[in-house]
Amino acid sequence: LSILLSLLVPALTTRSPDCGGILTPSGLRYRKCRPTPQSVLRRDLLSSRAPDPSPTSPSRRNQIVSVKVDKFSLTLIPDTGMRLSIEVDLGVTSAPSTTKEMRLSILADLHVEMNPEENLELVTSDCKPTLEEVQSTEEMDRSAPHKSSGSDLDKQINVEKVCLEVAKLLLFPNERLMSLAAPFPITPNCQVQYLPLAAPMFSEQGIIISLQTTFQVAGTVIPLPVSPVPFSMPEPASSSPSHLILAFSEHFYTSLFSALEESGALNVSLLSSLTTATLAERITQMGSLFQEDLPVVLRAVTRSSPHVVLEEDKAIVKLFLTAQIGAGSSLFQSFLSVNVDVTARLHLSVADTRMIISVAAIEDIELSLATSDVGPILAALLEELFVPTIREEVPAQINGVLRQGVFLPHIASFTYTDVNITIHKDYVLIPCNLQLEARTR
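Calculation notes
- Residues numbered from 1 in each chain as written.
- Predicted model: local features only at pLDDT ≥ 70, side-chain atom pairs only at ≥ 80, totals over all residues.
- Heavy atoms only, no water.
- Helix = DSSP H or I, 4+ residues; strand = E, 2+ residues; numbered from the N terminus.
- Buried < 20%, exposed > 50% of the residue type's maximum accessible area, 1.4 Å probe, protein only.
- Areas by Shrake-Rupley, 256 points an atom, 1.4 Å probe, with all protein chains shown as cover.
- Phe/Tyr/Trp six-rings, centres within 6.5 Å; stacked < 30°, edge-to-face > 60°.
- Lys NZ or Arg CZ within 6 Å of the ring centre and 35° of its normal.
- 1 Å grid on protein atoms, 1.4 Å probe; cavity = no way out; pocket = protein on both sides within 12 Å on 5 of 7 lines; lining within 4 Å.
- Points joined across faces, edges and corners; volume = space filled by probe spheres on them.
- Nonpolar A, V, L, I, M, F, W, Y, C, P; charged D, E, K, R; others polar.
- Disulfide = S-S within 2.5 Å.
- Salt bridge = Lys/Arg side-chain N within 4 Å of Asp/Glu carboxyl O.
- pLDDT = per-residue confidence, 0-100.
- Contact = heavy atoms within 4.5 Å.

Section: the overall build of the chain
Point 1. Looking only at helices and strands, one finds 11 helices and 20 strands in the chain.
Point 2. By the burial criterion, 45% of the 441 residues in the chain qualify as buried.
Point 3. Working note: accessible area of the chain is about 22800 Å², and carbon and sulfur atoms make up 54% of it.

Structure representation (C-alpha cells):
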C-alpha cells in the first residue's frame, strides 16, 4: 500500500491550479458577450409553424411572420449556475388579414460542466417557455382585457422545439470555450497551455475557474517543479466593477522561466567590450595564451532552475548561470569558468491578451569562480571587468526572448482593456474589462 501511495501522490500533486479567473456579474452582463439570439431565433422560428391559438380550432394554420428579441439577460445564481431570460415578440398570422402579437417568454437554467474531452461546456438543465397574446392599448380600452388562458397556451407550445432553439444559442459560446485550452506560442519551440481542472464554481463574486498551466518544448510537455503551496483564486473583498479578474501564482512565473530554461532560451552569449589584448594589460597570463587580439565572449548557460519571488508591488527573478569566458566568436576558446547569480526586477504589463514580462533592472549580481585555483584578486578583477557587460546584456537578451509576451488565458475573439496589475505576496492580480473584436465576416 505504501508503494502504491508513493506512486499516486506525485500524480495528484501535478493536478493543482497555478492560476485562474473570476468572471464577475459585470462581465456576465457585458452586452457584446451575448450570443446572437435575434438571428438564431428568427431563422428557426420563421421557418416553423406557430402554435395554434386555440385548441378547438386546429384547422387554422398559424404562421410566424416577425420575430423580435426584446430582452436577453443572464443572471448569476450562487452555488448553482446562471439563469437565461429571453422575451421574444412574435407576429402571428392566422389569415391573410389577421395578425396577432404574441409574447414568448423563456426561462432556462444554465450551468458549466467538463465534457469527456476535458473542455468546459455550457449546458441547459431546465427550460420553461410560456406564450401569451399581447393586446394593444386601444383594444384594452375598447373592451375588457382579452387574454388567453396561460395554462391553455402553455399546452400549445412545442416545448421541445423552443428549448432546442435555446440549446442552439449555446453552440457559439461553447465553440469559444473550447479555445480556452488551445496551446499558445511563447518562443518558436516553447508553448503554454491553460487547462481547466474542474467545472467552475458560482459565487456572489462571479464564476470562478481554476486552471493548471502546462508548457511544451519542441512539442513535448515538460515536467515542472511542484508548487510548495496550493493555490486558490483570491476572491475580491467586495464586488468588482471589472468584467474579469485574473490571478497568477508565484509558482506560475517560476514554471514559465523554468520552461524557458528547458527550451534553451535563457542561454546567452555576451560579447564584452574587452579584447584579449586589453585583458592582458590587467591579467598578464593572457598575453601568453593568445598571440592575436581577439574579442572576449561570455557564453552563459543555466546551471539550475530560475526562481521568481513575488512581494507587495514587486516581482523579481533569480537566475543561476555558469559563464564560460573565452576568446573568439567563430572558434571559441574558453579560458575561465565563472558562476553568475543574477537578481533582476520584473515589469509586468498587458497588451490585448498577452502579458508582457520584461527585466526592468538588475538589482544584484554575484560572480564566483567555478574553479578554486584562482585567487581572490583575480575574482575581484573579473567582477570589475565583466559585471557592466552582464548588467547591460542579460536584460537585453531576456527581453528579446519575451518581447512577444505570454498569452493570458482567454477565449477567441476577446481582448482585454482597462487593465490594472497589482503584485501581491505570492500572486499577481489582473482586473480587466472584456472587449469583443469585430467579426471579419
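Observations regarding the packing of aromatic side chains
Point 1. Applying the stated criterion across every chain, the model contains 6 aromatic pairs.
Point 2. An angle of 85 degrees between the planes, with centres 5.0 Å apart, marks the rings of phenylalanine 252 and tyrosine 253 as edge-to-face. Across the pair, tyrosine 253 and phenylalanine 252 agree in class, each one buried.
Point 3. Taken together through their ring pairs, the aromatic side chains of Tyr194, Phe248, Phe252 and Tyr253 make up a single cluster.
Point 4. Sitting above the plane of the phenylalanine 332 ring, arginine 299 keeps its charged end 4.4 Å from the centroid.

Structural notes on the layout of surface pockets
Point 1. Looking at the second largest pocket, its volume works out to about 350 Å³.
Point 2. Forming the walls of the second largest pocket are 19 residues, and the residues nearest its centre are Ser227, Pro228, Val229, Glu250 and His251.
Point 3. Secondary-structure elements contributing two or more residues to the lining of the second largest pocket are helix 8 (250-262) and strand 13 (295-311).
Point 4. Grouping the amino acids of the lining of the second largest pocket by side-chain chemistry returns 9 nonpolar, 8 polar and 2 charged.

Here we look at the state of the cysteines
Point 1. Counted according to the given criterion, the structure contains 1 disulfide.
Point 2. Residue cysteine 127 pairs covalently with cysteine 163 via a disulfide, S to S 2.1 Å. Disulfide cysteine 127 to cysteine 163: torsion about the S-S bond roughly -95 degrees, handedness left-handed. On the criterion of sequence distance, the pair formed by cysteine 127 in strand 5 (residues 120-134) and cysteine 163 in helix 6 (residues 159-169) is long-range, its members being 36 residues apart.

Looking at unusual backbone geometry
Glycine aside, the phi torsion of most residues is negative, and most peptide linkages are trans.
Point 1. Even without being glycine, serine 413 reaches a positive phi, approximately 80 degrees.
Point 2. Mapped onto the fold, serine 413 is located in the loop between strand 17 (406-407) and strand 18 (414-417).
Point 3. Residue aspartate 418 is not a glycine yet carries a positive backbone phi of 50 degrees.
Point 4. Within the secondary structure, aspartate 418 is located in the loop between strand 18 and strand 19 (422-424).
Point 5. Exposure remark for aspartate 418: the relative accessible area of 59% places this residue in the exposed category.

Looking at the pattern of salt bridges
Point 1. With the rule as written, the count across this model stands at 9 salt bridges.
Point 2. Arginine 103 is paired through a salt bridge with aspartate 89; the nearest N and O atoms lie 2.5 Å apart. With a gap of 14 residues between them, arginine 103 in strand 4 (residues 98-114) and aspartate 89 in strand 3 (residues 81-95) connect regions that are remote in the sequence. Of the two residues, arginine 103 and aspartate 89, both sit in the buried class.

Overview of the confidence of the model for the chain
Point 1. Residues of the chain with pLDDT of at least 70 account for 79%, and the chain-wide mean is 82.
Point 2. Note that pLDDT drops below 50 for residues 1-13; the model gives that stretch 1 contact with residues more than four away or on any other chain.
Point 3. Here residues 137-155 is a poorly scored stretch, pLDDT under 50, and it has 16 contacts once near neighbours within four places are set aside; other chains count.

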